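# Examining the three-dimensional arrangement
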Amino acid sequence: MTILLTAKNLQHSFGVRPLFKGLNFVIESKDRIGLIGPNGAGKSTLLKILSGKTAPEEGELSVKKGLKVGFLEQTPSLDLNSTIEATLLSGAEDPFSSDAHALALEWMGKLGLDSQGYSDETALKELSGGWQKKVALARELMKEPELLLLDEPTNHLDIESILWLEELIQRAPFAVVVITHDRVFLQSVTNRIFELNPVYPQGVLSVSGDYATYLELRESQLNQQRAEEVTLKNKLRRETEWLRRGAKARTTKQQARIQRAHELMDDVEELEFRNRKREVSLDFQFVQKQPNRLIEAKNISKSFGGKGLFTDFSLFIGPGSRVGLLGRNGCGKSTLIRCLLGEETIDAGSVLKAEHLSVAYFEQKRESLDLNLSVQKTLCPGGDSVIYRGRPIHIRSYLDRFLFSREQVELPVGKLSGGEQSRLLLARLMLKEAKVLVLDEPTNDLDIETLDVLENCLTEFEGAVILVTHDRYFLDQVANQIIAFPDVQQSQRKLEKFADLSQWEAWHSQHLASFKTTIPKPIKTEAPPKKRKLSYNETRELASMEETIQKAEAKIAEIENELGNPEIQSQSLKLTELYQQLHDAQQALEKLYSRWAELEALK
């Protein structure tokens, strides 16, 4: 494998808030890296640094000579008045060559633009947001990159496009770094996971393997950190008792012990901070007295612009219903929701709604948020408190549930990240009592930790949920009924019903000739096997494990010191060799920590 890029001690901040520091890693030609982490950890900033669009505040990048990099940003910059062909050619090294024109036509075919009735002269403004994003991706692929950087590429893509993108990456001859919170997508395309998170000592966890492997190693790492915190606290307690007995620094040895006690306090404080679990607190309000029937559609049909969207469709929604809608962009999912809520007239059939039906709506593009208003004014325009479940709560206490800092209270909404705007919209929805929650693509931009909380919250909500999402894992966890729209080109517009995603996958594979996807199942806690004692060799291994880990850490420190030697900064071959050694040493240390946790569990 060829080393494409080496990062050394990267550091960057957002305002006064540090995003990450001391990052060291290597990207190789066969890597398919999933870059994950909580909102605000600096993932998008890191991609911009790797692309060369942003310079790091500290540290440096060593890049393979002549490296071609493609970068699909979360919100691609596009000239909507430009044509598809002109947009694609703008990514080519020589846009006027015959080879570039041939490649542009090839990508139009691979995207399926011609099958949708679009030509090379079609203006981008005539395309939907999902198609525009696919054109932006093809523009980057026109560069024939050796490294492709993707920032939330599945946002606003329909299920068919996500499956297409998965296949593209699986077969790609180039390296990929992708920011995404779509867990099925991560499992399907990655062979390495890179988590930016301040809970780790170096601010990052690098795992070689797929997403399921990462989940196992992450749990092991966090368990080890929690065990280390307990051990250090016990040690600190003994040292504190020694100090309270009136120990005086009469000897050099006592002075050193007192110094170690103070250092131990700092270590315990740091571990407590890193091990502290902070997550969004969600609890939607529902109307206590709810009728058994909230919405019932009987044999409804709807056409739009002369095109049939669905025909003869019936659906019953009551408390506890979790209806997931799945289909291509433009197939009619939003129209169906409006018909069910009585906001759109139907061509045939009838829709019955409960009296005084209250609905809380999470819109896909968050258009109800005023980007010029502050975070506080968005939730409480006339004061400094909100009313939640009938009692006032100060705005700062309420926003703390959604992980907003004090500095963000007066910040304009437009200054927030996409994930933070989504959390703010969820915060506003929680202030409204509702019988029905309608969520249109709520997973866009939210980190995995928040998605886990949202999944649990929607499952426990006592009203009904109508969910539109292309995040297959999220859909499978929440929905107890899936409504699938047929392919947009099929003349028969009958909607299909499924109990879960596995049923839909079988139907999709059979009727639409697509390949099957695999959901990474959550790690389940099974009944523990009968405990055995440590063997003689394992007992010896555990006894020497701390010393082994100290040697591994010392080796890493030795390599890092050598990297800091000014004499080798101009020796590119030596630098590359040292960074590879550092990468290997860090991987070895991770395995040692995992083995230590395994032996401790057996003990």
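Figured I'd write up the structure that's included with this text.

Reading the values: rules and limits
- Residues numbered from 1 in each chain as written.
- Predicted model: local features only at pLDDT ≥ 70, side-chain atom pairs only at ≥ 80, totals over all residues.
- Heavy atoms only, no water.
- Helix = DSSP H or I, 4+ residues; strand = E, 2+ residues; numbered from the N terminus.
- Buried < 20%, exposed > 50% of the residue type's maximum accessible area, 1.4 Å probe, protein only.
- Contact = heavy atoms within 4.5 Å.
- Core = buried A, V, L, I, M, F, W, Y, C linked by side-chain atoms within 4.5 Å.
- Salt bridge = Lys/Arg side-chain N within 4 Å of Asp/Glu carboxyl O.
- Pairing = 2+ DSSP bridges.
- Axes fitted to C-alpha atoms, helices over the stretch in contact; angles between N-to-C directions.
- Polar contact = N/O pair within 3.5 Å; in protein donor to acceptor, adjacent residues only side chain to side chain.
- Expected span 1.5 Å × (residues − 1).
- Phe/Tyr/Trp six-rings, centres within 6.5 Å; stacked < 30°, edge-to-face > 60°.
- Lys NZ or Arg CZ within 6 Å of the ring centre and 35° of its normal.

### Thoughts on the overall build of the protein
Scanning the protein from terminus to terminus reveals 17 helices and 20 strands. Evaluated residue by residue, the protein yields a buried proportion of 49% over its 603 residues. For the protein, long-range pairs separated by at least 24 residues make up 70% of all intrachain contacts whose partners lie at least 6 apart in sequence.

### So, the nonpolar core
The nonpolar side chains of soluble globular proteins are, as a tendency, buried together. Ranked by size, the top nonpolar core spans 52 residues in total, and within it Leu 282, Phe 284, Tyr 398, Leu 424, Leu 437 and Leu 458 carry the most contacts. Ignoring any residue separated from it by four or fewer positions in sequence, one finds Leu 424 in contact with Leu 369, Val 375, Thr 378, Leu 379, Leu 399, Phe 404, Val 413 and Leu 416.

### Description of the pattern of salt bridges
Enumeration over the complete set of coordinates arrives at 17 salt bridges. Taking the shortest distance from any N to any O, the salt bridge between Glu 93 and Lys 68 comes out at 3.9 Å. Here Lys 68 lies in the loop between strand 4 (58–63) and strand 5 (69–72) and Glu 93 lies in the loop between helix 2 (84–89) and helix 3 (98–111), a separation of 25 residues in the sequence. In this structure, the salt-bridge partner of Glu 296 is Arg 293, at a minimum N-O distance of 3.3 Å.

### Let's talk about the sheet that holds strand 4
Taking strand neighbours across the sheet as the criterion, the three strands line up as 2-1-4 in an open arrangement whose pairing is antiparallel. The open sheet has two edge strands, strand 2 (17–28) and strand 4, and neither has a second partner. The sheet shows a mean angle of 10° between the axes of neighbouring strands, direction not considered. Bridge analysis of strand 1 (residues 3–14) against strand 2 gives eight bridges, and the strand direction is antiparallel. Following the sheet pairing, Leu 5 is matched in strand 2 by Ile 27. Running over the sheet, helix 1 (residues 43–51) touches strand 1, strand 2 and strand 4 and is turned about 50° from strand 2.

### Considerations on the sheet that holds strand 5
The sheet built from six strands is open, its strands ordered 5-6-7-3-8-9 with mixed pairing. Of all the strands in the sheet, just strand 5 and strand 9 (204–208) have a single pairing partner and so form its edges. Between one strand axis and the next, the sheet turns through 15° on average, direction left out of account. Bridge count for strand 6 (residues 147–151) against strand 7 (residues 175–179) is five bridges, and the pairing is parallel. Paired with Leu 148 across the two strands is Val 176, which belongs to strand 7. Contacts from helix 1 reach strand 3 (32–36), strand 5, strand 6, strand 7 and strand 8 (192–196), with the element oriented near 155° to strand 6.

### Side note on the environment of Ser 314
Topologically, Ser 314 is positioned in strand 11 (residues 307–317). Note on Ser 314: relative accessible area 29%, which makes it partly exposed. Separated by 37 residues in sequence, Ser 314 and Val 351 have C-alpha atoms that sit 9.1 Å apart. Contacts of Ser 314, omitting those with residues within four sequence positions, involve Ala 297, Lys 298, Asn 299 and Lys 497. Separated by 2.8 Å, the side chain of Ser 314 and the backbone nitrogen of Asn 299 make a polar contact.

### Description of the side chain of Thr 469
Position of Thr 469 relative to the elements: it lies in the loop between strand 18 (464–468) and helix 14 (472–478). With a relative accessible area of 0%, Thr 469 lands in the buried category. Polar contacts involving the side chain of Thr 469 include one to the main-chain amide nitrogen of Asp 471, which spans 3.0 Å. Contacts of Thr 469, omitting those with residues within four sequence positions, involve Leu 325, Leu 326, Glu 441, Thr 443, Phe 474 and Leu 475.

### Here's the deal with helix 4 (residues 129–141)
Over its 13 residues, helix 4 extends 19 Å from the first C-alpha to the last, a length consistent with the 18 Å expected when each residue adds 1.5 Å. Extensive coverage of helix 4 is indicated by the burial of 12 of its 13 residues. Those residues of helix 4 that fall on the buried side of the exposure criterion are Gly 130, Trp 131, Gln 132, Lys 133, Lys 134, Val 135, Ala 136, Leu 137, Ala 138, Arg 139, Glu 140 and Leu 141. Structurally, helix 4 contributes buried residues whose contacts are with strand 5, helix 2, helix 3, strand 6 and helix 5 (159–171).

### A closer look at the packing of aromatic side chains
Taken as a whole and assessed by the stated rule, the structure comprises five aromatic pairs. Among the aromatic residues, those joined into a cluster by ring pairs are Tyr 388, Tyr 398 and Phe 402. Between Lys 110 and the ring centre of Trp 107, over which it is positioned, the NZ or CZ distance is 4.6 Å. The ring of Phe 404 has Arg 423 lying over it, and the distance from NZ or CZ to the ring centre is 5.2 Å.

Everything listed is a geometric property; what it means functionally is a separate question.
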